[in-house]
Amino acid sequence: MFKKIKKLNITSAIGMGITSSALKVEEKTPLFYNGAKICEKNDKAQETFRLYYISQSDVYEAVLYNPDERTVCLSVFRIEDERKAKDMFRQLCERLTPFYQSSSRCYKTPILQSLLNCLEEHPDMELAVVARTTGLTECLKHEKIAASAKAVDATDAGNTETSLLQATKFGFKGKMENFVSKAGATSLTKGDEKGNTAVHYAVGQPELLDKILLRATEL
């Protein structure tokens, strides 16, 4: 069975004092970071994502460099605490990296901010669903994101409950008939953080709702 990619633990981050405003994209000039201490880095080929310590302001700053635009870079967050900053950076390396590796659109400030907001607001969302939710469907070709798509499409008993709820909630088409046909009673009543179930989210999709209700009568 596919092993899920580690999630960006925003709940934990908030508990450590990192608020949603920490993930704020700002355009900066690369010259600003000349001489700054590199604490951690995720450099691959032309792609560069680094965590700096800025001594002048006593802050740790994560910076993403656009390989096609060397005059501008993107500051992703600024955090004063070293441990918190490193933890956030490492989690972003796992969740964010596949997106900017597979789409140059992720280097555009509004799109990157939207992506970060989605990752933050939905820490348990599969990366494939994140890609569809944010309109970055070209990222589905990335190995890690493609693997998460398979997890969403999975129809085994271990994944069906979560997959059905995610598919109806975020409009992920996948193999919807398989989701429904394999669904058990728990799958149909499983709720998200707001208490909404697959049935709630299927209300706006009449054909899907009929299939779910039909499945319920079979259980």
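Computed from a predicted model, the values in this text were never measured in an experiment.

Even after reading the chapter, I still don't get the overall build of the protein, so can you show me in this structure?
Across its full length, the protein holds eleven helices and five strands. Considering the protein as a whole, with its 219 residues, one finds that 46% of them fall into the buried category. Within the protein, counting contacts between residues at least 6 apart in sequence, those at least 24 apart form 57% of the total. Within the structure as shown, the protein displays about 11100 Å² of accessible surface, and the carbon and sulfur contribution to it stands at 50%.

It is not clear to me how helix 4 (residues 109-121) should be interpreted in this structure. Could you clarify?
The periodicity of an α-helix, 3.6 residues per turn, causes residues three or four positions apart to be oriented the same way. With 13 residues, helix 4 should cover 18 Å at 1.5 Å per step; its first-to-last C-alpha distance of 18 Å lies within 8% of that length. Within the span of helix 4, buried status applies to Thr109, Leu112, Gln113, Leu115, Leu116, Cys118, Leu119 and Glu120.

What am I meant to see in the pairing of strand 5 (residues 73-79) here?
Remember that side chains alternate between the two faces of the sheet whenever the strand is regular. When you tally the buried positions in strand 5, you get six out of seven residues, the bulk of the element. Summarising the sheet, strand 1 (residues 23-28) and strand 5 pair through four bridges and their orientation is antiparallel. From the neighbouring strand, Glu27 faces strand 5, where its bridge partner is Leu74. Pairing between strand 4 (residues 59-65) and strand 5: six bridges, direction antiparallel.

Sorry if this is basic, but what is going on with the sheet that holds strand 1 here?
Within a sheet, each strand pairs with its neighbour through backbone hydrogen bonds, oriented either parallel or antiparallel. Pairing in this open sheet of five strands is antiparallel, and the strands run 1-5-4-3-2 from one edge to the other. Edge strands, defined here as strands with exactly one partner in the open sheet, are strand 1 and strand 2 (37-41). When the angles between neighbouring strand axes are averaged without regard to direction, this sheet yields 30°. The strands that helix 2 (residues 82-95) touches are strand 1, strand 2, strand 3 (48-54), strand 4 and strand 5; relative to strand 5, the one it contacts most, it runs at about 135°.

So what exactly am I meant to see when it comes to the confidence of the model for the protein here?
Any residue range with low pLDDT should be treated as having predicted coordinates unsuitable for detailed reading. Summarising the model, the protein shows a mean pLDDT of 80, and 79% of its residues fall at 70 or more. The least confident element of the protein is helix 1 (residues 10-15), whose mean pLDDT is 41; the most confident is strand 4, at 97. Note on residues 1-8: pLDDT is under 50 here. Beyond four places in sequence and across chains, it has 22 contacts. Long-range and interchain partners of residues 155-161, a stretch whose pLDDT sits below 50, account for 14 contacts in this model, where long-range means more than four residues apart.

Definitions and limits used
- In every chain, residue numbers begin from 1 and rise along the written sequence.
- Thresholds applied to this predicted model are a pLDDT of at least 70 for local features of residues and 80 or more for the giving and counting of side-chain atom pairs; totals over whole chains, interfaces and linings are not thresholded and use all residues.
- With hydrogens and water excluded, all non-hydrogen atoms of the structure serve as input to the side-chain values.
- The secondary structure listing takes helices from DSSP runs of H or I that are at least 4 residues long and strands from runs of E that are at least 2 residues long, numbered from the N terminus.
- Remark: exposure states derive from per-residue accessible area (1.4 Å probe, protein chains only) relative to the maximum for the residue type, with buried under 20%, exposed over 50%, and partly exposed in between.
- Contacts: residue pairs with any heavy atoms within 4.5 Å of one another.
- In short, Shrake-Rupley with a 1.4 Å probe defines the accessible areas, and a residue's cover is counted only from the protein chains shown.
- By this rule, a helix spans an expected 1.5 Å times one less than how many residues it contains.
- When DSSP finds two or more bridges between two strands, those strands count as paired.
- Each axis is a line fitted through C-alpha atoms, and for a helix only the stretch in contact is used; angles between axes span 0 to 180 degrees, taken between their N-to-C directions.
- How sure the predictor is of each residue is captured by pLDDT, a score from 0 to 100.

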